[in-house]
Amino acid sequence: KAGVTQTPRYLIKTRGQQVTLSCSPISGHRSVSWYQQTPGQGLQFLFEYFSETQRNKGNFPGRFSGRQFSNSRSEMNVSTLELGDSALYLCASSRRREDYGYTFGSGTRLTVV
Amino acid sequence: ILNVEQSPQSLHVQEGDSTNFTCSFPSSNFYALHWYRWETAKSPEALFVMTLNGDEKKKGRISATLNTKEGYSYLYIKGSQPEDSATYLCAFSGNTPLVFGKGTRLSVIA
């Protein structure tokens, strides 16, 4: 079966711009979570969505936002990009929140210059 | 703020050596403890999800144990092979989304 698909794989943006990242979960998975990884840091939690509702949000500024659509696909948006937003953004899906074990996508590598 | 600690940060072993890593997590509000393997240029891959104190899980040469009362889990690799080279992440689930440790980077030298 198809895995978790994240697009685009790579992005280069300029400071002040905005960016939208997309995540298509495994068919049947209704929970989607987003994580950020920067050098030297572990995976930092951004958002968790379930059935189009944001269930949890991590400790990130309001420039980071997201949403989930009725087909479980999710997008995250970062506005007014800063150099420190350069990171690998990973999306993970699971069948339901109480389910255990995430399937991760390959990530989107964002570089802000 | 939940803290998940992994040690060591990195490890270099010879092919054939056995090794183990530690994950420490809060012992309160425990729900599950996950282990993932993350190879370079790939996605993190789930190894184990453990929920009960005393749980032991095994997949081939890799096994894990769980102690929820004292808040730690061990991951063991028996007879390390070069293909085991990866970063091993643990993640704690309480009344929160998964909180990840920074990982243990394993390099197996042939």
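Located above this text is the structure these notes cover.
Here we summarise the structure given alongside this text. Source: prediction; values computed, not measured. (Residues numbered from 1 in each chain as written. Chains lettered and ligands numbered in written order. Predicted model: local features only at pLDDT ≥ 70, side-chain atom pairs only at ≥ 80, totals over all residues. Heavy atoms only, no water.)

As for the state of the cysteines
In the structure shown here, the tally under the stated rule is two disulfides over all chains. Paired through a disulfide, Cys23(A) and Cys91(A) show a sulfur-sulfur distance of 1.7 Å. For the disulfide bridge between Cys23(A) and Cys91(A), the dihedral angle about the S-S bond is near -50°, and by the sign convention the bridge is left-handed. With Cys23(A) in strand 3 (residues 19-24) and Cys91(A) in strand 9 (residues 87-94), this residue pair connects regions lying 68 residues apart in the sequence. For the pair formed by Cys23(A) and Cys91(A), the shared burial category is buried. The disulfide that involves Cys23(B) links it to Cys90(B), with 2.0 Å between the sulfurs. Measuring the twist about the S-S bond at about 75°, one finds the Cys23(B)-Cys90(B) disulfide to be right-handed. Here Cys23(B), found in strand 3 (residues 19-24), pairs with Cys90(B), found in strand 9 (residues 86-93); they are 67 residues apart in sequence, far enough to count as distant. Of the two residues, Cys23(B) and Cys90(B), both sit in the buried class. (Disulfide = S-S within 2.5 Å. Helix = DSSP H or I, 4+ residues; strand = E, 2+ residues; numbered from the N terminus. Buried < 20%, exposed > 50% of the residue type's maximum accessible area, 1.4 Å probe, protein only.)

Topic: unusual backbone geometry
In this structure, the amide linkage connecting Thr7(A) to the following residue, Pro8(A), adopts the cis form with an omega of -10°. Within the secondary structure layout, Pro8(A) lies in the loop between strand 1 (5-7) and strand 2 (10-13). With omega at -5°, the peptide bond leading from Ser7(B) into Pro8(B) counts as cis. Relative to the helices and strands, Pro8(B) resides in the loop between strand 1 (5-7) and strand 2 (10-14). Of note, Ser72(A) is a non-glycine position whose phi angle comes to about 75°, a positive value. Within the element layout of this structure, Ser72(A) appears in the loop between strand 7 (64-68) and strand 8 (74-78). Residue classification places Ser72(A) among the buried residues on the basis of a relative accessible area of 12%. With phi around 45°, Thr80(A) is a residue other than glycine that occupies positive phi space. Relative to the helices and strands, Thr80(A) is located in the loop between strand 8 and strand 9.

Focus on the interface of chain A and chain B
Interface extent is often summarised as the accessible area lost during association of the parts. Counting from both sides, the interface comprises 18 residues of chain A and, opposite them, 16 residues of chain B. Both faces considered, chain A and chain B share a buried interface measuring about 1,400 Å² in area, 65% of it formed by carbon and sulfur atoms. In this structure, the connection of chain A to chain B is made through zero salt bridges. Counting only elements with at least two residues in the side of chain A that touches chain B, the list comes to strand 4 (31-37), strand 5 (44-50) and strand 9 of chain A. Each residue belonging to the side of chain A that touches chain B can be placed in one class, and the counts come to eight nonpolar, eight polar and two charged. (Contact = heavy atoms within 4.5 Å. Buried area = accessible area lost by both parts, 1.4 Å probe. Salt bridge = Lys/Arg side-chain N within 4 Å of Asp/Glu carboxyl O. Nonpolar A, V, L, I, M, F, W, Y, C, P; charged D, E, K, R; others polar.)

In short, shape yes, function no, at least from these values alone.
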